[in-house]
Amino acid sequence: MTTHRAPKQSAHHPGRPVERAVVAGLVLAVGAGLAWIGGMIYTIVGWSG
């Protein structure tokens, strides 16, 4: 009996659209998190001064 395996995907294809979307999402998430933290610091400094 034959087995049906999915073809092995090589890790040497950095240009795949899915990987680009994941990296772009992570970059946007990190940027949004840093902006939120900066906004919180700005708000707290504004309250205290």
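Please read all numbers here as calculations on a predicted model, not as lab measurements. (Residues numbered from 1 in each chain as written. Predicted model: local features only at pLDDT ≥ 70, side-chain atom pairs only at ≥ 80, totals over all residues. Heavy atoms only, no water.)

Undergrad: Could you give me a rundown of the overall build of the protein, with the residues and numbers involved?
TA: A tally of regular secondary structure across the protein gives one helix and zero strands. In the protein, which comprises 49 residues, the proportion classed as buried is 0%. For the protein, the accessible surface area stands at approximately 4,900 Å², while carbon and sulfur atoms represent 72% of it. (Helix = DSSP H or I, 4+ residues; strand = E, 2+ residues; numbered from the N terminus. Buried < 20%, exposed > 50% of the residue type's maximum accessible area, 1.4 Å probe, protein only. Areas by Shrake-Rupley, 256 points an atom, 1.4 Å probe, with all protein chains shown as cover.)

Undergrad: A description of the UniProt feature "transmembrane region" (unreviewed entry) in the protein should follow, citing residues and the corresponding values.
TA: Following the UniProt record, one finds the feature "transmembrane region" (unreviewed entry) at residues 21-45. Secondary structure within residues 21-45 divides into 100% helix and 0% strand; the distance between the first and last C-alpha atoms comes to 36 Å. (UniProt positions renumbered as here; feature names shortened; annotations may be inferred.)

Undergrad: A description of a nonpolar patch on the surface should follow, citing residues and the corresponding values.
TA: The grouping of V30, L34, W36, I37, M40, I41 and V45 at the surface amounts to a nonpolar patch, some 730 Å² of accessible area in total. By the element assignment, I41 lies in helix α1 (residues 17-48). (Patch = residues over 30% accessible without salt bridge, like charges linked within 9 Å, V, L, I, M, F, W, Y side chains within 5 Å. Salt bridge = Lys/Arg side-chain N within 4 Å of Asp/Glu carboxyl O.)

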